[in-house]
Amino acid sequence: SSDVMGALYDRGEYDMAAFLRNGSHVADISQIVFDADVDFTVLDRYTIPSDFSYDDIIGFAIEEAVDDVAVFFRNGSFILDLTVNNLSQQIDFDDSIRRFTLPAGFNISNAVGVEYDEGSGDAAIFFRNGSYVSDPSHTPLDGDISFTNVHVYTIPSGLSYDDIIGFGYTHTSDDVGA
């Protein structure tokens, strides 16, 4: 396991943040491209309701156009902060609790990441068994999500799905990385 619970990149603000298990997040507020060193100079907190656990986080998503940030949990819910101007501020996930559903046969305890593409409205949850589920028409981020489409992903031979700790998606080049 990792103490990094997820990361986000806001290309409109050039902010990058990594969210830690202890409720803090670090941010680089001048990350224009990924072909440069990342300098996490800002340290702040993110909060979740008291009846939720930081240990149950499976990932984060951002809808840059409207400054919405979401945190996804193993209990089938996600919580939004609808007032995030940039990733270098305290983020309070308390604006609205939404639900997501998975197809039959999927175990949320095997989830390793969440991705969202606001341009297409695609939302996805990735699992350690080489599969992921998607909702290809989820816009905006602030409604319940029904992950109904099932897909597979592959990794090079010699690597293990069990070693994956997260996923990343670049909106401009449509690349996914584990």
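Residues numbered from 1 in each chain as written. Predicted model: local features only at pLDDT ≥ 70, side-chain atom pairs only at ≥ 80, totals over all residues. Heavy atoms only, no water.

Attention shifts here to the pattern of salt bridges. With the rule as written, the count across this model stands at two salt bridges. Here Arg21 ties to Asp3 by a salt bridge, and the two come within 3.3 Å at their closest N and O atoms. Of this pair, Arg21 sits in the loop between β2 (15–20) and β3 (24–28) while Asp3 sits in the segment before β1 (4–10), placing them 18 residues apart in sequence. The class of Arg21 is partly exposed, set by a relative accessible area of 21%. (Salt bridge = Lys/Arg side-chain N within 4 Å of Asp/Glu carboxyl O. Helix = DSSP H or I, 4+ residues; strand = E, 2+ residues; numbered from the N terminus. Buried < 20%, exposed > 50% of the residue type's maximum accessible area, 1.4 Å probe, protein only.)

Here Gln89 lies in the loop between β7 (77–81) and β8 (91–92). Among the polar contacts listed, one links the side chain of Gln89 to the backbone oxygen of Thr83, at a separation of 3.3 Å. From its side chain, Gln89 meets the backbone nitrogen of Asn85 in a polar contact 3.2 Å long. Residue contacts for Gln89: discarding those within four places in its chain leaves His25, Asp44, Arg45, Thr83 and Val84. (Polar contact = N/O pair within 3.5 Å; in protein donor to acceptor, adjacent residues only side chain to side chain. Contact = heavy atoms within 4.5 Å.)

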